[in-house]
Amino acid sequence: MPAVARTSAAKIIAAARRLVERHGAERLSMQDVAQVVGIQAPSLYKRYADRAALLRDVRLSVSAQVQRTLARAATTGNASDDLRAIARAQHSYALRAPHLYALLFTGVPLAVADHESTAALVLDRMAVHGEPRNALAAARLLVSFVHGFSTMECAGAFHLGGSVEASFDSGLDLLLASTKR
């Protein structure tokens, strides 16, 4: 008779997410995850070949959460307002969960399919907001701005005074104005 499973992949991923959120991916250990879910570390290897495989599933979980967050933000009915809402939602997520956000951009890139719905969301709004033939370049510009700004803010890189939030909004306004039809 097979042994009864003492945990599930969902519980393992949730525990690993909490640990990454608290300490960063570089400090995640299989031993710590096992301890949180109440099993022995060797039992994790029945589900995950190694730490990298577990981190990949955590990244997929975070990616799906970010996709849902951005989709919920993009419901104003106006392409320009949706793009602002998407940018602010991504920025807010990065500030709220910097270690999880950073995990999205570390290691082996996720498959294109894991980003398609988010990319389609931004591309669709950008094609309506600006010139359709420039939508891809403009979408990349927007995503790069938000990611770069968010990453720098999370790292505490803005030391020149003034409101960082106002700077984000001004930069976003400038970027969207430059890509407007």
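All values derive from a computational prediction rather than experimental measurement. (Residues numbered from 1 in each chain as written. Predicted model: local features only at pLDDT ≥ 70, side-chain atom pairs only at ≥ 80, totals over all residues. Heavy atoms only, no water.)

1. Details of the nonpolar core
Part 1 of the argument: Counting residues in hydrophobic clusters, the biggest one holds 50 residues, and the most contacted among them are L28, V33, L54 and L142.
Part 2 of the argument: Setting aside chain neighbours within four positions, we find L142 in contact with L83, A87, V122, M126, L172 and L175. (Core = buried A, V, L, I, M, F, W, Y, C linked by side-chain atoms within 4.5 Å. Buried < 20%, exposed > 50% of the residue type's maximum accessible area, 1.4 Å probe, protein only. Contact = heavy atoms within 4.5 Å.)

2. What to know about the side chain of S80
Part 1 of the argument: Position of S80 among the secondary structure elements: in helix α5 (residues 79–96).
Part 2 of the argument: With near-sequence residues (within four places) excluded, S80 lies in contact with H129, L176 and K180. (Helix = DSSP H or I, 4+ residues; strand = E, 2+ residues; numbered from the N terminus.)

3. What about helix α9 (residues 164–179)?
Part 1 of the argument: The first and last C-alpha atoms of α9 sit 23 Å apart over 16 residues, in line with the 22 Å expected at 1.5 Å per residue.
Part 2 of the argument: Buried within α9 we find F168, G171, L172, L175, L176 and T179. The buried residues of α9 occupy one face: seen down the axis, they fall within an arc of 125°. In α9, the exposed positions angled more than 90 degrees off the buried face are occupied by L174, A177 and S178.
Part 3 of the argument: The inward-facing, buried residues of α9 abut α5, α7 (116–129) and α8 (135–154).
Part 4 of the argument: Taking the backbone nitrogen of E165 as reference, a side-chain oxygen 3.4 Å away marks S163 as the first, capping residue of α9. (Expected span 1.5 Å × (residues − 1). Arc of directions from axis to C-beta. Polar contact = N/O pair within 3.5 Å; in protein donor to acceptor, adjacent residues only side chain to side chain.)

4. Quick look at the environment of S144
Part 1 of the argument: Within the secondary structure layout, S144 lies in helix α8.
Part 2 of the argument: A C-alpha to C-alpha distance of 39 Å links S144 and T7, two positions 137 residues apart in sequence.
Part 3 of the argument: A polar atom in the side chain of S144 sits 2.8 Å from the backbone oxygen of R140.

5. What about the packing of aromatic side chains?
Part 1 of the argument: Taken as a whole, this structure holds 5 aromatic pairs when the rule is applied.
Part 2 of the argument: Measuring from centroid to centroid gives 5.5 Å for F145 and F168, while their planes differ by 20°, and the two rings are stacked. Of this pair, F145 sits in helix α8 while F168 sits in helix α9, placing them 23 residues apart in sequence. We note that F145, like F168, is buried. (Phe/Tyr/Trp six-rings, centres within 6.5 Å; stacked < 30°, edge-to-face > 60°.)

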